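Coordinate analysis (summary)
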Amino acid sequence: MSAPAPRLILDEIDSTNLEARRKAERGEVGPLWIVARRQSAGRGRRGRAWSAPEGNLSATLLTTTQRPPAEAARVSFVAALAVAETISLYVPESLVSIKWPNDVLIDARKASGILVESGALNASLGEGAGLWLAVGIGINIRAHPEDVERPATHIGAHLRPELREAPDLDQVSETLAASFARWQSLWEGAGDGPVLDAWSRRARGLHGPCSARLGHETLTGRADGLAEDGALRLIDDAGRLHLISAGDVFFGEQV
């Protein structure tokens, strides 16, 4: 198993993902965790703002891969497993689940967000050098936003009975880095299958009513598990199969 990547802990930054991009564009390849105690311009999926009050975790792993972009994006499943495993150390495991594709929930409320970005490695590294990856992870540790579309929560509101207070950012980032290294090692050594199987065991809603809000349409029907590449299988109300690779998905309800 690979050792956890080192951590660079900053007092404040605009965005850990942006800092990872800047480093990659300067030719730095990591692996390196960039962790911020305060983040002033955090971003979520589809350009949405990501609120990160002090005490919560904002972190990005800068790393590289030889996989093509579509395959490299599946690192989000690795990230979701690492986050779920990390949160389960502080919260009763029965409360922790994953919502497709990579939201980690506590008691069915969002407690984490993951944003994966990538780009071609610096040309100076040679032809075929691969991609840099910025695996951005936010975890609500001590607070959560109220003005969001989907209900949110934080670790401190659901602590295991034996814990007296929520962990600090340093502790969570160290735990996350170790967990991510374990799952990444499995992914790189055994491929997508074992990771998707483990992810599915933690997921909710994969075989029930489902709606998907896509850029040009909204589909309703039933979820039918995952395809081999991690896409969500959705069988619409007319019985047609759709493979959803991206979109806002709602399980057990209509949009």
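Located above this text is the structure these notes cover.
Residues numbered from 1 in each chain as written. Predicted model: local features only at pLDDT ≥ 70, side-chain atom pairs only at ≥ 80, totals over all residues. Heavy atoms only, no water.

All chains considered together, the criterion is met by two aromatic pairs. Taking the centre distance of 5.6 Å and the plane angle of 85° together, the rings of W33 and F180 count as edge-to-face. Here W33 is found in strand β2 (residues 32–39), whereas its partner F180 is found in helix α4 (residues 169–190), with 147 residues between them in sequence. Among the residues examined, F180 registers a relative accessible area of 1% and is labelled buried. Seen in terms of ring centroids, F77 and W199 are 5.3 Å apart; in terms of plane orientation they differ by 75°. Their pairing is edge-to-face. Taken together, the positions of F77 in helix α3 (residues 75–87) and W199 in helix α5 (residues 192–202) put the pair 122 residues apart, joining distant regions of the chain. For the pair shown, F77 and W199 are each scored as buried. (Phe/Tyr/Trp six-rings, centres within 6.5 Å; stacked < 30°, edge-to-face > 60°. Helix = DSSP H or I, 4+ residues; strand = E, 2+ residues; numbered from the N terminus. Buried < 20%, exposed > 50% of the residue type's maximum accessible area, 1.4 Å probe, protein only.)

Here we come to the sheet that holds strand β10 (residues 218–226). Strand order in the open sheet formed by five strands is β12-β11-β10-β9-β13, with antiparallel pairing between adjacent strands. Sheet topology places β12 (241–244) and β13 (248–251) at the edges, where each strand pairs with a single neighbour. This sheet shows a mean twist of 40° between the axes of neighbouring strands, independent of strand direction. (Pairing = 2+ DSSP bridges. Axes fitted to C-alpha atoms, helices over the stretch in contact; angles between N-to-C directions.)

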